[in-house]
There are 2 protein chains.
Amino acid sequence: MFKALMPLLALLLAMPAHAVQGATEDGYDLWLRYRPMDKAARVQVRAAASSIVAFGPAAPAGSAPASPVQAAVAELQRGLGGLLGKEPPLAASVQDGAVVLATPASMPALSGMDLKLETLGREGYLLRSTRLQGHKVTLVAANSDIGLLYGSYALLRKIGIGAEGLAALDERSAPKLQLRVLNHWDNLDRTVERGYAGESIWNWWALPEVRDRRYVDYARANASLGINGTVLNNVNSKPDILTAPWIAKAAAVADSLRPYGIKVYLSARFSTPLELGATKTADPLDPAVAAWWKAKADEIYKSIPDFGGFLVKANSEGQPGPQDYHRSHADGANMLAKAVAPHKGVVMWRAFVYAHEKPDDRAKQAYSEFKPLDGTFDANVLVQVKNGAIDFQPREPAHPLFGAMPNTPLMMEFQITKEYLGYATHLAYLGTMYQETLGTDMHTGAGTVAQILEAGAQGSKLTGIAGVANIGSERNWSGSHFDQANWYAFGRLAWNPQADARALAREWAAQTFSAAPAAVAQVTDMMMMSREAVVNYMTPLGLHHLMGTGHHHGPAPWVANLERPDWNPVYYHRADKGGIGFDRTATGSNAVAQYAPGLARQYADPRSTPETMLLWFHHLPWDYKMASGRKLWEELLVRYDSGVAQVDDMRQRWARLKPLIDARRHEDVAVLLDKQYQEAVWWRDASIAYFQSVSGLALPAGVKAPGMPLDYYKSLKFPYAPGRG
Amino acid sequence: MFKALMPLLALLLAMPAHAVQGATEDGYDLWLRYRPMDKAARVQVRAAASSIVAFGPAAPAGSAPASPVQAAVAELQRGLGGLLGKEPPLAASVQDGAVVLATPASMPALSGMDLKLETLGREGYLLRSTRLQGHKVTLVAANSDIGLLYGSYALLRKIGIGAEGLAALDERSAPKLQLRVLNHWDNLDRTVERGYAGESIWNWWALPEVRDRRYVDYARANASLGINGTVLNNVNSKPDILTAPWIAKAAAVADSLRPYGIKVYLSARFSTPLELGATKTADPLDPAVAAWWKAKADEIYKSIPDFGGFLVKANSEGQPGPQDYHRSHADGANMLAKAVAPHKGVVMWRAFVYAHEKPDDRAKQAYSEFKPLDGTFDANVLVQVKNGAIDFQPREPAHPLFGAMPNTPLMMEFQITKEYLGYATHLAYLGTMYQETLGTDMHTGAGTVAQILEAGAQGSKLTGIAGVANIGSERNWSGSHFDQANWYAFGRLAWNPQADARALAREWAAQTFSAAPAAVAQVTDMMMMSREAVVNYMTPLGLHHLMGTGHHHGPAPWVANLERPDWNPVYYHRADKGGIGFDRTATGSNAVAQYAPGLARQYADPRSTPETMLLWFHHLPWDYKMASGRKLWEELLVRYDSGVAQVDDMRQRWARLKPLIDARRHEDVAVLLDKQYQEAVWWRDASIAYFQSVSGLALPAGVKAPGMPLDYYKSLKFPYAPGRG
């Protein structure tokens, strides 16, 4: 009997207990885990954070924080309590080792301390070890309560990443962009267009009566990054969202987010009054239409006094818009802008448009339509421009509109959810992709895209950035643990568009997985190589839009039968016996001419075009000589192979991390990396099989042939892929 | 400053901490919470459960249980560890106070102990305080490992509900039905038809590589009730589910459930081979078709050796079936049965059918079509019959088919998800509804429906029961805490169809909320009144199918414009100036004739028909005299008012429970009860407004008039209601 028992005994001692205790490192806590620090660090930090001093009124006991200060104190108690193993008490007066949250209003003494708070603006904060009323304290100072909340999260972050002690703390930070907004492509039936993390977190059906506690955790996570706005519903919007029952639902969400400094916005369908039968047209110049929108705005602001405004997708992919009435985008945007202006609301008007007519190059259309409108938009309109001119590809050159509309506030639109980068399954850290765009010098004299966004438009203070959310109801929020990093990186870059992607990766890894230097270094290295791996096995050398039709999952470079030419991958790669690539120079669509001369010249010549974007701008013969000395065909094969090899490398690095990562999340990630490896091989093999079929070229010695014939890859169908919306 | 601080201090000490620690009583643990018992009880129980003795091989360390014995030991350690505050160690040999899990195979000594194990069958168990090898132990004995798992859950349940000590334990139990199955109406895109608890827990997209840990917790919850099968996909099925990639996904789920004794079944679309282009027809008598199904079954059993079989919805609501080829339901079922028979699989063929032609009474169709087929089905076919003849209404008389097909194994189909009873929002304990049907004497000489199900068919051992699951991805599994009770009650009744609904409610309440007698009593009383409340404010006195079109949410008795007459509420209530109700006697559709004479006579006369079903069987004048002495019109109004009053009563009872229930779940339930109250008032007002408009009768003194005019209620639309599937 003993014999038979031994293995069972062994099993049970080793068996993980968390099957039911779902919360143990299941990813729900995001980067706000606040797990205990090692003893030495704890002692050091406790000396500077042993109590909390705050000011201001309180909400009724038992309820969630009702103000930013209450939220800040609650988070400091939760965070320090977790990190230090003991929740710091609230102190009734300033004492040694206290964390003091103060504004000039709550503590007039600050004004005399030469803290230069005026440089912080409304949302900035100051962290300083200093003496206050004769006591050594850790001061969190700001001009407003929301600044104190941001400062408190910054303090917890510093401690969480195991930064040097707080003894000589002296740090100040203010956001460089005004509107830092998430765009939820969430539908009213709770499906999420391009969502890969389960259904929408907005439980519309149960709202407004039922407010999911998750809304508050969502607010905490966003506030910890400085995100201060969220568009609740899909840009492909419905008239319903602007009816009374739905305004009440949005108001309930707004109430949950308000204490964390997050404003609610709504996507508006341009034809709403017409579709609701309130008007006979949606013509923006029709007085009845303008009056309806004005009344509607007034109605919304009655329930949501700090409503942010409207996001609009018009005359794009079949959505209605002002052009249906031969009016311009400016006519449409300004009509809406006048409706929200009295309430200090804004209109975020998307530049992602493409007409129904066959375009000579889809990449040119946004610029062609919007550039001429520069200076014609009302003061409270922002034009929201995607990072690239096509559509959230693994790599795109910066959109030519950046720097081209000096008199119009432009807002960046990044995609956080990985529509074209392997859904939530593939590990692809997008911080590097965001930084690549933000760091691009547009040669307009205004510097990089980041600097252009920060400077804003002539005579306007309005600046902003948007990220299409990757958030859903799945326990880990983003569909995979590593996808949380893209939410994090977007938020931190929204605060400071010139931040460094590697530094942000390090920050995130330390808070999310482990502050152990070996773990941080390894996880960061994986993240930094991850997006380039995806580019290599999906769309190397500037190739783009080769994904499966509709669902955008997996390779389909052969698709040529879709109604619109610019929906077909063949439209983008143009591969034939002679060569491959999209000629966007003067001999082709001349899209390069949309860039400032300096950049246009660079992109016009394959020799000065970065090889990473070579086939985006040029159609080249298969034997084109690359910098490596290889022929283009050979180089293409090398890139595909390196993409697969990089995933294998990530997989091995992760395996080595096992001793440093909690068992559950380590296994979760390991399973996904195996899946990603299989899919990388699939991308490589299908792409090579196809391009070989058009180039007719042999595979050089040493290049592994695709595992299956081309027809097999063509036969794969995914009718139930997520995210169709 | 001190002054200003005090309230903030108060707030923070009181603020609930669980915003992020989602697991603290968020409902995820279901009835398997295993929270610590009070000290006295703990001491008493520890004496009889201080260690665990088990036999058998073990799975590799770190992985989940790989066999029922491993699952039993893991659950006992988790459960006793939680309840007693200390995890009982595994003992290498029998000792005093040990819990011993043994079968005659693992412990031959049992055979000599006169335990009458032969009466337990394959799945039953015995719990007994006895002496073993000279030691006082708590013995869990069974004929098979799965019996040991069921016995272990039974032991934990006894302890969890604070039953008397284990000193004189002597209990045996065996399931009275063979197949105890959940039906998931889950679609391949992860939506759930009639699902109100978020999207499907089956993450089809990530399967088979990614196996959500939740699958194991799902298996634990079901095994704790004795559920031994699950149909993974919607009865409105797709051909895809029977293709290789999906079989692999189903096999991965089956691997997760197998150690818990749960078999996987699939819903099959009758036209699958035709739609996949493998055959030119789906005619069940076509040899090519039969051959395809045989090969398909062989393919499935290669990946899922213990595959349960197929569930089929054919020639119903537009689904394809054998009648498309002028074959009978038996022809179709038997063809599939022959494909799975070599593998010991079964076919569960649904009797929920209604033709495209205008019926004289939809309630009659299932009986009319299936009764003549009695005795013509293969031995491994079960006909699955809904509890009532219409469609999962708040109250229906038992289906006339029960007892009418003595030569055919009939399976009961209950609906656990509340399609017609207020979704997850309304508190409605269905244990009483299930018991009402199961306890109905069909007057066929075979006793009650429960007894008919238990006895099975002539010369067949095949018996079973199915429940349409209310399980989804929401953290609390069922969309609300109280809806977990319907999953629980179904499972326990599947084990013993003659169990008492109140006893099950008590069990569930004690394990789920609190074992404190005051809490158990109050929660049980709320549950026992809850379903009658729903009947009263929705469909009193035998009214049925008055719900909104399609989504079935809210009142719509006025709907008369739908294509099929039997889709319209007016078809069912037939209210006019003269009276109300559906005449199913000889003067009407004569559906009563489908019941055995004893029951038919009772239902044929309004005087002998229970008032709860009066208008189901009879069309009566508004001034018909009720037992109460009131006129029918007045009685109807009284019932609507009492339904609203009962919800208000539940709300007040729950409020009084606040000191006894954890704060988070108490608030969750309180919010839903408020919403239910509003919706009960809505049902009452809209129904009265409508019936008054057709009866033309005044409201008696003291009856409150509807809050809004009828047109308002007619104007309400719910285009984004969940569960459309």
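What counts, and where the lines are drawn
Counting starts from 1 at the beginning of each chain's written sequence and moves along it residue by residue. Written order determines the labels here, with chains lettered from A and ligands numbered from 1. Local features in a predicted model are, by the rule used here, given only for residues with pLDDT of at least 70; side-chain atom pairs are given and counted only at 80 or more, and totals for whole chains, interfaces and linings are based on all residues. Side-chain numbers here rest on the full set of heavy atoms in the structure, without hydrogens or water. Whether a residue is buried, partly exposed or exposed follows from its accessible area with a 1.4 Å probe, protein chains only, as a fraction of its type maximum: under 20%, in between, or over 50%, in that order. Secondary structure elements are defined from DSSP: runs of H or I of at least 4 residues count as helices, runs of E of at least 2 residues count as strands, and each element is numbered from the N terminus. A carboxyl oxygen of Asp or Glu within 4 Å of a side-chain nitrogen of Lys or Arg is what we treat as a salt bridge. One bridge is not enough; two strands pair if DSSP finds at least two bridges between them. For every element, the axis is a line fit to its C-alpha atoms; helices are fit only across the contacting stretch, and the angle between N-to-C directions ranges from 0 to 180 degrees. Every residue pair with non-hydrogen atoms within 4.5 Å of one another is taken to be in contact. Any pair of Phe, Tyr and Trp rings, taking the six-membered ring for Trp, is counted once the centres come within 6.5 Å. Such a pair is stacked with planes under 30 degrees apart, edge-to-face with planes over 60 apart, and tilted for the rest. Placement of a charge over a ring requires the Lys NZ or Arg CZ to be within 6 Å of the ring centre, with the centre-to-atom vector within 35 degrees of the ring normal. UniProt positions are given in the numbering used here, feature names are shortened, and annotations may be inferred rather than shown by experiment. N or O atoms closer than or at 3.5 Å make up a polar contact, with two conditions inside protein: a donor-capable atom paired with an acceptor-capable one, and, for residues adjacent in sequence, both atoms drawn from side chains. Oblique is the label for every angle not falling under 35 degrees (roughly parallel), over 145 degrees (roughly antiparallel), or within 65 to 115 degrees (roughly perpendicular). A crossing counts as left-handed when the near helix is turned anticlockwise from the far one by less than a right angle, and as right-handed when that turn is clockwise. Classes in brief: Ala, Val, Leu, Ile, Met, Phe, Trp, Tyr, Cys and Pro nonpolar; Asp, Glu, Lys and Arg charged; the others, Gly included, polar. Where each domain begins and ends is defined by an automated method or by a domain database.

Enquirer: Before we move on, could you go through helix 11 (residues 431-438) of chain B and cite the residues and values that matter?
Expert: For helix 11 of chain B, a buried count of six out of eight residues is recorded, marking the element as mostly surrounded by other parts of the structure. Considered for burial, the residues of helix 11 of chain B that qualify are Gly431, Thr432, Met433, Tyr434, Thr437 and Leu438 of chain B.

Enquirer: I'd like a description of the pattern of salt bridges, backed by residues and values.
Expert: Residue and element names in this part refer to chain B. In the structure shown here, the tally under the stated rule is 96 salt bridges over all chains. Between Asp29 and Arg35 there is a salt bridge, with the nearest N and O atoms lying 3.3 Å from each other. Judged by its relative accessible area of 11%, Asp29 falls in the buried class. Its salt-bridge partner being Glu679, residue Lys675 comes within 3.4 Å of it at the nearest N-O pair. Of the two residues, Lys675 and Glu679 are both situated in helix 20 (residues 663-695); the distance of four residues between them amounts to about one turn of the helix. Of the residues examined, Glu679 reaches a relative accessible area of 9% and is grouped as buried.

Enquirer: Quick one: what's the story with unusual backbone geometry, residue by residue and with numbers?
Expert: A cis geometry characterises the amide bond from Leu207 of chain A onward to Pro208 of chain A, with omega recorded as 0 degrees. Summarising the element assignment, Pro208 of chain A is placed in the loop between strand 6 (179-183) and helix 5 (214-223). Even without being glycine, Glu317 of chain B reaches a positive phi, approximately 50 degrees. The topology assignment puts Glu317 of chain B in the loop between strand 9 (309-312) and helix 9 (329-340). The phi dihedral of His326 of chain B falls on the positive side, at around 60 degrees, and the residue is not glycine.

Enquirer: Any details on the sheet that holds strand 8 (residues 263-267) of chain B? Residues and values, ideally.
Expert: All names here are of chain B. Taken in spatial order, the eight strands line up as 6-7-8-9-10-11-12-13 and close into a barrel, and their pairing is parallel. Going across the sheet, the axis of each strand differs from the next one's by a mean of 25 degrees, ignoring polarity. Here strand 9 runs beside strand 10 (residues 346-350); their pairing, made up of four bridges, is parallel. Counterpart to Gly309 in the pairing with strand 10 is Val346. Helix 9 contacts strand 9, strand 10 and strand 11 (381-386) of the sheet and is inclined by roughly 160 degrees relative to strand 10.

Enquirer: Which residues make up the packing of aromatic side chains, and what values go with them?
Expert: Two aromatic rings are characterised by how far apart their centres lie and by the angle between their planes. Residues and elements named next belong to chain A. One pass over the structure, following the stated rule, counts 74 aromatic pairs over all chains. Taking the centre distance of 5.5 Å and the plane angle of 50 degrees together, the rings of Phe482 and Trp508 count as tilted. Linking Phe482 in the loop between strand 13 (464-468) and helix 13 (484-495) with Trp508 in helix 14 (residues 501-512), this pair joins segments that are 26 residues apart in sequence. As far as the burial class goes, Phe482 and Trp508 line up, both buried. Three or more aromatic residues joined by ring pairs make a cluster, and in this case those are Tyr28, Trp31, Trp202, Tyr215, Tyr218, Trp477, Trp487 and Tyr488. One Lys or Arg, Lys249, reaches over the ring of Trp246 and ends 5.2 Å from the middle of that ring. Between the NZ or CZ atom of Arg584 and the centre of the ring of Phe582, over which it lies, the distance is 3.8 Å.

Enquirer: So what about the UniProt feature "active site" (unreviewed entry) in chain A? Which residues, and what values?
Expert: All names here are of chain A. When the UniProt feature table is mapped onto this chain, "active site" (unreviewed entry) is found at Glu317, Asp391 and Glu419. Within the secondary structure, Asp391 sits in the loop between strand 11 (381-386) and strand 12 (410-415). Leave out the neighbours within four places in its chain, and Asp391 touches Phe352, Arg362, Lys386, Glu396, Glu419 and Tyr420. A polar atom in the side chain of Asp391 sits 2.7 Å from the side chain of Lys386. Along the chain, the position of Glu419 falls in the loop between strand 12 and helix 11 (431-438). If we ignore the near neighbours within four places in the chain, the residues touching Glu419 are Trp185, Arg194, Tyr196, Asp391, Phe392 and His552. Among the polar contacts made by the side chain of Glu419, one reaches the side chain of Arg194 at a distance of 3.1 Å.

Enquirer: Requested: an account of the packing of helix 6 (residues 244-257) of chain B against helix 8 (residues 287-303) of chain B, with residues and values cited.
Expert: Residues and elements named next belong to chain B. Packing of helix 6 against helix 8 brings their axes to within 9 Å, and their N-to-C directions diverge by 40 degrees. Classified by the interaxial angle, the pair formed by helix 6 and helix 8 is oblique. Considering only the axes of helix 6 and helix 8, their crossing is right-handed. For the pair formed by helix 6 and helix 8, the contact residues are Ala244, Ile247 and Ala251 on the first element and Lys296, Glu299, Ile300 and Ser303 on the second. For the contact of helix 6 with helix 8, a count of residues per class yields four nonpolar, one polar and two charged.

Enquirer: Pulling in residues and values, what's your account of the domain arrangement of chain A?
Expert: Split into domains, chain A comes out as domain 1 (31-173), domain 2 (179-512) and domain 3 (536-582 + 619-715). If you average the C-alpha positions of domain 1 of chain A and of domain 3 of chain A, the two centres end up 49 Å apart.

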